[in-house]
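Here are the chains, one letter per residue:
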2 protein chains.
Amino acid sequence: MTQMDRLEARIERALEKADGRPAPGKLAAALRYAVQPGGARIRPTVLLQVAAACGDPDPKAALSAAAALELIHCASLAHDDLPAFDNADLRRGKPSLHRASSEPLAILAGDSLIISAFDALAEVAAPAKALALIRCLARHTGMPCGICAGQGWESEGEIDLAAYHQSKTGALFTAATEMGALAADQDPAPWRDLGAMIGAAFQVADDLRDALGDTDELGKPVGQDARLGRPNAVEALGVAGAQARLADILAGAIASIPACPGEAALARMVRATAERLTPVAGASRQVPGE
Amino acid sequence: MTQMDRLEARIERALEKADGRPAPGKLAAALRYAVQPGGARIRPTVLLQVAAACGDPDPKAALSAAAALELIHCASLAHDDLPAFDNADLRRGKPSLHRASSEPLAILAGDSLIISAFDALAEVAAPAKALALIRCLARHTGMPCGICAGQGWESEGEIDLAAYHQSKTGALFTAATEMGALAADQDPAPWRDLGAMIGAAFQVADDLRDALGDTDELGKPVGQDARLGRPNAVEALGVAGAQARLADILAGAIASIPACPGEAALARMVRATAERLTPVAGASRQVPGE
């Protein structure tokens, strides 16, 4: 069983717990639709790789943390796709959740997945570790600096761009590295920069894909940033400038990896992720949908 | 300082934590609007009274639990009022959150308040107690049997009425008695029935108010159940039948109170709450808005 299989099994367990009897069947199906089949599972993968780099002394805690992080990410996609936000018809190559079910079910599925995420962390056996993970996930998810805050900035007349990017995209990557360290009984603070830089790289790569990609390849609409007037690295720097910026950020990310048993392997993983994420204009490289 | 003042101060502390710098100001204001000024704060009051009846050995934990429960309740009101659900214009005598701000901010405020609730519980000093409270709140909030499930039943063609009422209205009252016991280091199981019965009484009282009340008195629209085709005790039993049913449930609730130091005082509280909640046709008794 690979680590990805174990992650999927842990996510499946959370979905089964949410589908006890009696449960409203359409909402239970909506939770499953929002989570499976998964996209690239990038955030939980980063979390598990940081835990592995730290020696992974508590694999069950790492898996619960990774599953919780992915549940939160899927909740955010269900809500971000709603008509009130992106009004997206497609997600991961299939109709977005509210198109496939309904707006009420998409709102409730997002709410339920947020709750399932905290519930999954509350199952971590070591109480102090469970609480540290819960506080960490809450900080990177809610207000004032989590992904909710990131979406909230889009309702402001004047946007604090640094806070916007750090919270909208960076927060869950910072959560990934910090929670990976916490799950492995390490101080999360030295891991913060790596998460922030992977998040920044991911944002630039996403901007490039949004500007260069096509819908079939991404499984979601492209050109959304320009259409919605959102800040975008390609608009600010041009394609070549954005590509150079992406390379710089990734070099910084690799340099920031704290000394740990799996330091070299983690650096290779960041490099491989970078190659996978970097779009090449005109090429039709397959990028798994988010 | 009364217990209600202490509760408001604990809620205020959660709102201040959500409003750090930099935070998107409109979303921070939306969180505050959703929570303050409060309605009757019935659920946290029940929680604090159960903790008091158990001797209240850990008042800080009880206050954090009470604040978390009210934050979740306010989140559910913000989402339930959305156009996708009740499409309510009024709440607590003022415009509903999405009318006062916007749909995106109302969705994000609900999400953020859910997260703040779990974060408040993670601050409880005793780790095992904090985790027990988190698991209890998750169970009564998410799927398959929390308030999200309750709303989810409204999307089903065939409704399991018992599951619908228990999850939609009963869940947070059951959370109130169970969390009150947990905060006071007691086994929550014997307190479950009291919560369920207070919830059932509250549901019948709400049905009576919906059928008999007027908008000015309630601070929210009346006649919603009939308009939305939702199950309602007045429709099933008539006004006198529903009033008799309410009296029966409350007698059962009082009989279910476990032996504890504050048993008599708690029985008096349940009776007083019942009197406050029971609407009298034609009278204009003031009932605080939910």
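Everything quoted here is computed from the prediction, not taken from an experiment.

Turning next to the overall build of chain A. Looking only at helices and strands, one finds 14 helices and 2 strands in chain A. Out of the 290 residues in chain A, the part that is buried amounts to 58%. Within chain A, contacts between residues at least 6 apart in sequence are counted, and of these 66% link residues at least 24 apart. When the accessible surface of chain A is summed, it comes to about 10800 Å², and 55% of that surface belongs to carbon and sulfur atoms.

Note on the copies: chain A fits chain B at an RMSD of 0.0 Å, the axial shift is 0.0 Å, and the rotation between them is 180°. Viewed as a symmetry operation, the transformation between the two copies matches a two-fold axis. For chain A, the residue whose C-alpha comes nearest the rotation axis is Pro127 of chain A, separated from it by 2.9 Å. Looking at the interface residues of chain A, 100% of them are also at the interface in chain B, so both copies use one shared face.

All names here are of chain A. Mean pLDDT over chain A stands at 90; residues scoring 70 or higher make up 90%. Between residues 282-288, whose pLDDT stays under 50, and residues either more than four places distant or in other chains, the model counts 12 contacts. This complex was scored by the predictor with a pTM of 0.92 and an ipTM of 0.92.

Facing the 48 residues of chain A at the interface are 48 residues of chain B. Summed over both sides, the interface of chain A with chain B buries roughly 4100 Å², with 75% coming from carbon and sulfur. Looking at the side of chain A facing chain B, the largest losses of area belong to Pro24, Ile115 and Met143 of chain A, adding up to 16% of the total buried there. The interface formed by chain A and chain B holds 0 salt bridges in total. Listed by contribution, the elements that provide at least two residues to the side of chain A that touches chain B are α2 (25-35), α6 (103-122), α7 (127-141) and α8 (147-153) of chain A. A per-element tally of the side of chain A that touches chain B places α6 of chain A first, with 12 residues. Residues belonging to the side of chain A that touches chain B are distributed by class as follows: 29 nonpolar, 10 polar and 9 charged.

Moving on: the side chain of Ser116 of chain A. As for its position among the elements, Ser116 of chain A is in helix α6. In contact with Ser116 of chain A, other than residues within four places in its own chain, are Ala18 and Leu71 of chain A.

Residue Pro22 of chain B is bonded to the preceding Arg21 of chain B through a cis peptide linkage, with omega at -10°. Its location among the elements puts Pro22 of chain B in the loop between α1 (3-17) and α2 (25-35). With an omega of 5°, the peptide bond between Met143 of chain B and Pro144 of chain B qualifies as cis. In this structure, Asp185 of chain A takes a positive phi of about 65° despite not being glycine. The residue Asp185 of chain A is located in the loop between α9 (161-183) and α10 (192-212) in this model. What makes Asp185 of chain A partly exposed here is its relative accessible area of 48%.

What follows concerns the packing of helix α4 (residues 59-80) of chain B against helix α6 (residues 103-122) of chain B. Residues and elements named next belong to chain B. Relative orientation of the contacting elements α4 and α6 amounts to 165°, with a least axis distance of 8 Å. One finds that α4 runs roughly antiparallel with respect to α6. Handedness of the α4/α6 crossing: left-handed. Counted together, Ser64, Ala65, Ala68, Leu71, Ile72, Cys74, Ala75, Ala78 and His79 of α4 and Ala106, Ile107, Gly110, Asp111, Leu113, Ile114, Ser116, Ala117, Phe118, Ala120 and Leu121 of α6 form the full contact between these two elements. Its residues placed into classes, the contact of α4 with α6 shows 15 nonpolar, 4 polar and 1 charged.

Here we take up the packing of aromatic side chains. Tallied over the full model, the rule gives 3 aromatic pairs over all chains. When the centroid spacing of 5.2 Å and the interplanar angle of 5° are considered together, the rings of Phe118 of chain A and Phe118 of chain B count as stacked. Of this pair, Phe118 of chain A sits in helix α6 while Phe118 of chain B sits in helix α6, each in a different chain. Phe118 of chain B sits in the buried class, given a relative accessible area of 0%. Here Arg43 of chain A stacks its cationic end above the ring of Phe202 of chain A, 5.2 Å away from the centre of that ring.

Moving on, we get to the pattern of salt bridges. Residues and elements named next belong to chain A. Within this structure, the stated rule accounts for 34 salt bridges over all chains. Of the charged contacts in the structure, one is a salt bridge between Glu123 and Arg13, with a shortest N-O distance of 3.0 Å. With Glu123 in the loop between α6 and α7 and Arg13 in helix α1 (residues 3-17), this residue pair connects regions lying 110 residues apart in the sequence. Glu70 serves as the salt-bridge partner of Arg92, at 3.4 Å between the closest nitrogen and oxygen. Here Arg92 is found in the loop between β1 (90-91) and β2 (94-95), whereas its partner Glu70 is found in helix α4 (residues 59-80), with 22 residues between them in sequence. Each of Arg10, Arg13, Lys17, Asp119 and Glu123 takes part in salt bridges that share partners, so that together they form one network.

Rules and cut-offs
- Residues numbered from 1 in each chain as written.
- Chains lettered and ligands numbered in written order.
- Predicted model: local features only at pLDDT ≥ 70, side-chain atom pairs only at ≥ 80, totals over all residues.
- Heavy atoms only, no water.
- Helix = DSSP H or I, 4+ residues; strand = E, 2+ residues; numbered from the N terminus.
- Buried < 20%, exposed > 50% of the residue type's maximum accessible area, 1.4 Å probe, protein only.
- Contact = heavy atoms within 4.5 Å.
- Areas by Shrake-Rupley, 256 points an atom, 1.4 Å probe, with all protein chains shown as cover.
- Least-squares fit on C-alpha atoms with pLDDT ≥ 70 in both.
- pLDDT = per-residue confidence, 0-100.
- Buried area = accessible area lost by both parts, 1.4 Å probe.
- Salt bridge = Lys/Arg side-chain N within 4 Å of Asp/Glu carboxyl O.
- Nonpolar A, V, L, I, M, F, W, Y, C, P; charged D, E, K, R; others polar.
- Axes fitted to C-alpha atoms, helices over the stretch in contact; angles between N-to-C directions.
- Parallel < 35°, antiparallel > 145°, perpendicular 65-115°, else oblique.
- Left-handed = near helix turned anticlockwise from the far one by under 90°.
- Phe/Tyr/Trp six-rings, centres within 6.5 Å; stacked < 30°, edge-to-face > 60°.
- Lys NZ or Arg CZ within 6 Å of the ring centre and 35° of its normal.

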